[in-house]
Amino acid sequence: MVIRVPDIRAWPPEASPLVAITAYDRPSALAVERAGFEIVLVGDSAAQVIHGRKHTTSLGMEEILIHLKAVRPFISHSLLVADMPFGPVQVGDRETKEAAVALVAAGAEAVKIEGGDASLGAIRRLTNHGIEVMGHLGLTPQSVHTLGGYKVQGTGRKAASQILKDALALEQAGAFAIVLECLPAPLAALITKRLSIPTLGIGSGSRCRGQILVFHDVVGWEGSSFKFLPHPFGDVSQHVDGALSRYKKEVQEGNYPEPDQSWELSPEEIEGL
Ligand code: KIV
């Protein structure tokens, strides 16, 4: 089934939960396309899982474009969303528009923008110009320094009420879906109930309209574990390590390559060279 923005915006309540995941390159894109997720996100989590950096704020526009262009050719069924990297929204309207246009021109069907109140104007302007936006509230990693670390958000009545307000405002501004990261489950459930667009939870309990996770954390390939994902769903690292040590052993023991795995030259052709 081919999924586009209007399908997500109007995801029926009786339909099964939306499942979303990140991808950054050809192998991850091929794997997620085979698995058939509704949404694939080229996330700025690439800063951490691909480049080994501490924060997503370090991933620039050129880099997200490289990942988007690597993924785009292999995603045809899922909705492909790209993260707005840290920078353009913080700098200004023109920069935000230029960045969003560049992402859509490179094949993103929508852009994901972090933040509530401060991002609202930008989101409204983009959606008014036909650029589809996914919101992102709660633990917004691009605000890690303001938040004082990667920790649960929306605890306490005041903070919970602000996030609910932000979610309603994002919907009003034209967002077609909202990621809710690390919110208490009852708050995520309440927001999900109040919105007509779907929520995608990550560390926000099961009562969101769907879930989103990072590829490497799901498959167990040098990913991270969290309270909301104590164990990966697979163990790719073990397969990779096994393949690498078999390759090394076979070469060291003279078993690879085998005679029929190379090309011959007749004795007349080699003699006397
Ligand atoms: O960058 C990312 O991967 C994300 C998801 C975790 C939602 O924003």
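Residues numbered from 1 in each chain as written. Predicted model: local features only at pLDDT ≥ 70, side-chain atom pairs only at ≥ 80, totals over all residues. Heavy atoms only, no water.

Engineer: Help me understand the packing of aromatic side chains in this model?
Structural biologist: When we look at a pair of aromatic rings, we describe it by the centre distance and by the angle of the planes. Counted according to the given criterion, the structure contains two aromatic pairs. Seen in terms of ring centroids, Phe 226 and Phe 228 are 4.8 Å apart; in terms of plane orientation they differ by 5°. Their pairing is stacked. The partly exposed category is assigned to Phe 226, whose relative accessible area is 33%. You can call Phe 228 partly exposed: its relative accessible area is 30%. (Phe/Tyr/Trp six-rings, centres within 6.5 Å; stacked < 30°, edge-to-face > 60°. Buried < 20%, exposed > 50% of the residue type's maximum accessible area, 1.4 Å probe, protein only.)

Engineer: Honestly, the environment of Ala 15 in this entry has me stumped. Any pointers?
Structural biologist: Its place among the elements puts Ala 15 in the loop between helix 1 (5-9) and strand 1 (18-22). Along the backbone, Ala 15 and Arg 209 are 194 residues apart, and their C-alpha atoms lie at a distance of 9.5 Å. (Helix = DSSP H or I, 4+ residues; strand = E, 2+ residues; numbered from the N terminus.)

Engineer: I tried to follow the sheet that holds strand 4 (residues 110-114) on my own but got confused; where do I start?
Structural biologist: Two pairing modes exist for strands in a sheet, parallel and antiparallel, and in both the strands are linked by backbone hydrogen bonds. The strand order around the closed barrel formed by eight strands is 1-2-3-4-5-6-7-8, and the pairing between neighbours is parallel. Each strand of the sheet is rotated relative to its neighbour by a mean of 25°, with strand direction disregarded. In this sheet, strand 4 lies alongside strand 3 (residues 79-83) in parallel orientation, the contact comprising three bridges. Paired with Val 81 across the bridge in strand 4 is Ala 110. Seen against the sheet, helix 7 (residues 117-128) touches strand 4 and strand 5 (133-138) and runs at an angle of roughly 170° to strand 4. (Pairing = 2+ DSSP bridges. Axes fitted to C-alpha atoms, helices over the stretch in contact; angles between N-to-C directions. Contact = heavy atoms within 4.5 Å.)

Engineer: Would you mind showing me how to read helix 4 (residues 61-71) here?
Structural biologist: Within an α-helix, residues lying three or four positions from one another point in the same direction, as the helix has 3.6 residues per turn. Taken together, the buried positions of helix 4 are occupied by Met 61, Ile 64, Leu 65, His 67, Leu 68 and Val 71. Seen along its axis, helix 4 keeps its buried residues to an arc of 165°; they face one direction. Exposed residues lying more than 90 degrees from the buried face of helix 4 are Glu 62, Ile 66 and Lys 69. Residues of helix 4 that are buried in the fold lie against helix 2 (26-35), strand 2 (39-42), helix 3 (46-49), strand 3 and helix 6 (93-105). (Arc of directions from axis to C-beta.)

Engineer: Would you mind showing me how to read the pairing of strand 6 (residues 177-181) here?
Structural biologist: One face of the sheet, then the other: side chains in a regular strand alternate in exactly this way. Of all five residues making up strand 6, five are buried, and the element is well covered by its neighbours. Across the two faces of strand 6 the burial is the same, with Ala 177, Val 179 and Glu 181 and Ile 178 and Leu 180 all buried. Pairing geometry for strand 5 and strand 6, over five bridges, is parallel. Looking at strand 6, one finds that Gly 135 is bridged to Ile 178. For strand 6 and strand 7 (residues 199-202), the ladder comprises four bridges, and the chain directions are parallel. Note that in strand 7 the partner of Glu 181 across the bridge is Ile 202. On the question of chirality, the crossover connecting strand 6 to the parallel strand 7 by way of helix 10 (residues 185-194) is right-handed. (Right-handed = clockwise from strand over helix to strand, strands pointing away.)

Engineer: Hey, could you run me through the site of the ligand in this one?
Structural biologist: The full set of residues close to the ligand is Thr 22, Leu 41, Gly 43, Asp 44, Ser 45, Asp 83, Lys 112, His 136, Val 179, Ile 202, Ile 212 and Val 214. Within the contact set of the ligand, an oxygen atom lies 2.5 Å away from a side-chain nitrogen or oxygen of Ser 45. One of the side-chain nitrogen or oxygen atoms of Asp 83 is found 3.0 Å away from an oxygen atom of the ligand. Expressed as a share of its isolated accessible area of 260 Å², the protein-covered part of the ligand is 95%. More than half of the atoms of the ligand fall within 2 Å of the grid points belonging to the largest pocket. Taken together, the residues of the shell around the ligand break down into five nonpolar, four polar and three charged. (Near = heavy atom within 4 Å. Polar contact = N/O pair within 3.5 Å; in protein donor to acceptor, adjacent residues only side chain to side chain. Areas by Shrake-Rupley, 256 points an atom, 1.4 Å probe, with all protein chains shown as cover. 1 Å grid on protein atoms, 1.4 Å probe; cavity = no way out; pocket = protein on both sides within 12 Å on 5 of 7 lines; lining within 4 Å. Sits in = over half its atoms within 2 Å of the grid points. Nonpolar A, V, L, I, M, F, W, Y, C, P; charged D, E, K, R; others polar.)

Engineer: Before we go on, may I ask you to explain the side chain of Thr 192 in this structure?
Structural biologist: Mapped onto the elements, Thr 192 comes out in helix 10. Sequence-distant contacts of Thr 192, that is, excluding residues within four places in its chain, are made with Leu 180, Thr 199, Arg 207, Cys 208 and Arg 209.

Engineer: Would you take a moment to explain the layout of surface pockets for this structure?
Structural biologist: Rolled over the atoms, a probe with the dimensions of a water molecule shows which regions are left empty. Its boundaries defined by the atoms lining it, the largest pocket holds a volume of some 710 Å³. For the largest pocket, the lining is made up of 34 residues, of which Pro 141, Glu 181, Ile 202, Phe 226 and Phe 228 are closest to its centre. Elements with a minimum of two residues in the lining of the largest pocket: helix 3, strand 4, strand 6 and strand 8 (210-213). Across the lining of the largest pocket, the residue classes tally to 14 nonpolar, 11 polar and nine charged. The calculated volume of the second largest pocket comes to roughly 430 Å³. Taken together, 21 residues make up the lining of the second largest pocket; nearest its centre are Glu 114, Gly 115, Gly 116, Thr 140 and Ser 143. Of all the secondary-structure elements, those providing two or more residues to the lining of the second largest pocket are helix 5 (88-91), strand 4, helix 7, strand 5, helix 8 (144-147) and helix 9 (157-172). Residue classes in the lining of the second largest pocket are distributed as seven nonpolar, 11 polar and three charged. (Points joined across faces, edges and corners; volume = space filled by probe spheres on them.)

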